[in-house]
Amino acid sequence: MLKGIKKGALTRSLWVYHVAASPCNNCDIEILDLLTPRFDVERFGILLTGSPRHADLLLVTGMVNKKVLDRVLRVYAETPKPCVVAAFGSCAISGDLFVDSYNFAGPLDKHIPVDVYIGGCPPKPEAMILGVVRAIEKVKKLKDL
Amino acid sequence: MNLSAGWIIFYLLVFPGFLFTTVVGLVYVWVDRKVTARVQFRVGPPFLQPFFDFFKLLGKDTFVPEGAPRSIFFGAPILGLASVSILSTVLLVSNFFPSQAFGGDLIVVLYLFAFIPIILIMGASASSNPISALGGSREMTLYLAYELPLLFALATIIVKSGGQLKIGDLLNWQWANRPFLYSVSGAFAFVSAFLCIQAKMGFVPFDIAEAETEIMGGIVIEHSGPVLGVLKLTKAMLYFVVSIFLTIFFWGGFRMPVKGEWWHIFGWLKPIAILVLMVLIKNTNPRLRVDQALRFFWSIVLALSVIGFILAAVARSAQTPILWL
Ligand code: SF4
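Scope of this entry: the structure provided in the associated data block. Owing to the predicted nature of the structure, the values given are computational and were not obtained by experimental measurement. Per chain, the residues get numbers from 1 upward, laid out in the order the sequence is written. Chain labels run from A onward and ligand labels from 1 onward, assigned in the order the entries are written. Whole-chain, interface and lining totals are the exception, using all residues; otherwise, since this is a predicted model, local features are given only for residues with pLDDT of at least 70 and side-chain atom pairs are given and counted only at 80 or more. For side-chain calculations, the full set of non-hydrogen atoms in the structure is used, while hydrogens and water are omitted.

Below, the discussion takes up the site of the ligand. All names here are of chain A. Put simply, a residue is near a molecule or strand once any heavy atom of it comes within 4 Å of that molecule or strand. Around the ligand, the neighbouring residues are Pro 23, Cys 24, Asn 26, Cys 27, Gly 89, Ser 90, Cys 91, Asp 96, Gly 120, Cys 121 and Pro 122. Secondary structure counts use DSSP, requiring at least four H or I residues in a row for a helix and at least two E residues in a row for a strand, with both numbered from the N terminus. Looking at which element gives the most residues to the shell around the ligand, the answer is helix 4 (residues 89–94), with 3 residues. Each residue is assigned to one class: nonpolar for Ala, Val, Leu, Ile, Met, Phe, Trp, Tyr, Cys and Pro, charged for Asp, Glu, Lys and Arg, and polar for all the others, Gly among them. Tallied by class, the residues present in the shell around the ligand amount to 6 nonpolar, 4 polar and 1 charged.

Here is the structure:
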């Protein structure tokens, strides 16, 4: 019962922290689309927060390079569990056009557990919403709640 | 003032204290978010959203930052919650059951009101984060800025009512004569108190201490899980408390100016109207810098409240007190 309430509340109130792990900045701009009147994800309780301490969903954008890797790991460790991680954009998923870069530290899921993949360069808002839906499904399946 | 302990506990914990204020406060947060969304041509969150947020935060982990004193880090939010509960109890008991209020409750309300920023500052400085320390120092400056005009505004209505220090007596005076808002000095006092409350709530243009886009939540940046939940709940209850604060002191409480008991139900719309006004101001203004806010409060707002105070004194010193002044 208590678990049900916790889980239900979490699925209806995902707060997003946006981790910019050396993106080209296009993904970051696209994220804000979701807050505009056309898509308005606050209808589902999704808010952008300024601190990883408040976050439930980490949106990691960009190709994780060697310098920023430490920070990504640290932000992940700082986020109170239960939380969901989304690899946002082709960069975070695979490295995209930066795969051969000397300072590419490998795809995000090599370093932290990734729950949702949102593809695209940058992803379309519809793809992002699909990603959010998948994130919510993922939360429903979380065991350690 | 001869209440049994059981009733006092009931007042504090259920109605009109903790439980009631929690529920209404969370509803007020929804009103805030919905109105904000409508102003921005969005749909906005569902009615239960603040409740979901609160329960979600209760179910999450809490981290205590390294070097943070645990007692203050956990103690401050709980003290805040307790003081807001007492505040709403005192205010509402004197509105609904005036015979059970105690003398000088106005002073208690003022103290508890001053206590809340202090608790926020304590919580912020206990989290050993430079950004929240910055937020705390801004909150302190802001507090020094708005406290004096707020006191002058309250002094205005005390003078106008002929020196009543009991909230119930202030209300009785307003019911017998007219609400303070509908007089010149009272209107001055209301405007300045309203701006002070806007700053106390940390609403734009005075959200300097929380400044989401600048210092990322400032005071609460290190708080997570249930601790954050309790802080948010305190804030939510404060939404309700400041609205009834302005309603009771300036707008004649929950009574409506018409005959018949049932009309007073509509009195509950008064605090909501005040809240909506605050939210509209919040949504149509940019943030001030802390020095600009200080200057604003110490010049314009202070001047407004002092003018109100002088007018009230003049109105009172006439042979028959002039009601409209
Ligand atoms: S996925 Fe494309 S748009 Fe997004 S950060 Fe990488 S290169 Fe930029």
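This part takes up the interface of chain A and chain B. Here a residue-residue contact requires only that any non-hydrogen atoms of the pair lie within 4.5 Å. Listed as interface residues are 30 residues of chain A and, on the opposing side, 28 residues of chain B. When the shortest N-O distance is used, the salt bridge between Asp 56 of chain A and Lys 56 of chain B registers 2.6 Å. Two N or O atoms count as a polar contact when they lie within 3.5 Å, although within protein this holds only if one can serve as hydrogen donor and the other as acceptor, and sequence-adjacent residues are included solely when both atoms are side-chain atoms. Inspection of the region where chain A meets chain B yields 14 residue pairs in polar contact (both at pLDDT 80 or more). Of all elements in the fold, only helix 1 (2–12), strand 2 (47–48) and helix 3 (66–78) of chain A reach the threshold of two or more residues within the side of chain A that touches chain B. The element best represented in the side of chain A that touches chain B is helix 1 of chain A, accounting for 5 residues. Partitioned by chemical class, the residues of the side of chain A that touches chain B number 14 nonpolar, 7 polar and 9 charged. Take a side-chain nitrogen of Lys or Arg and a carboxyl oxygen of Asp or Glu: if they are within 4 Å of each other, that pair is a salt bridge.

All right, on to empty space enclosed by the protein then. We place a 1 Å grid over just the protein atoms. Points where a 1.4 Å probe fits but has no way out form a cavity, open points with protein on both sides within 12 Å along at least 5 of 7 lines form a pocket, and any residue with an atom within 4 Å of a point lines it. Grid points are joined across faces, edges and corners, and a volume is the space filled by probe spheres set on the points. Applying the stated criterion to the full structure yields 4 cavities of 30 Å³ or more. Approximately 120 Å³ is the volume found for the largest cavity. Elements that contribute at least two residues to the lining of the largest cavity include exactly strand 3 (57–61) and helix 5 (125–141) of chain A. Considering only residue class, the lining of the largest cavity consists of 13 nonpolar, no polar and no charged. Estimates place the volume of the second largest cavity at around 80 Å³. What lines the second largest cavity is a set of 11 residues, and nearest its centre among them are Leu 120, Lys 200, Met 201, Gly 202 and Glu 210 of chain B. Only helix 6 (130–160) and helix 10 (225–250) of chain B provide two or more residues apiece to the lining of the second largest cavity. When the residues that make up the lining of the second largest cavity are grouped by side-chain class, the tally is 6 nonpolar, 1 polar and 4 charged.

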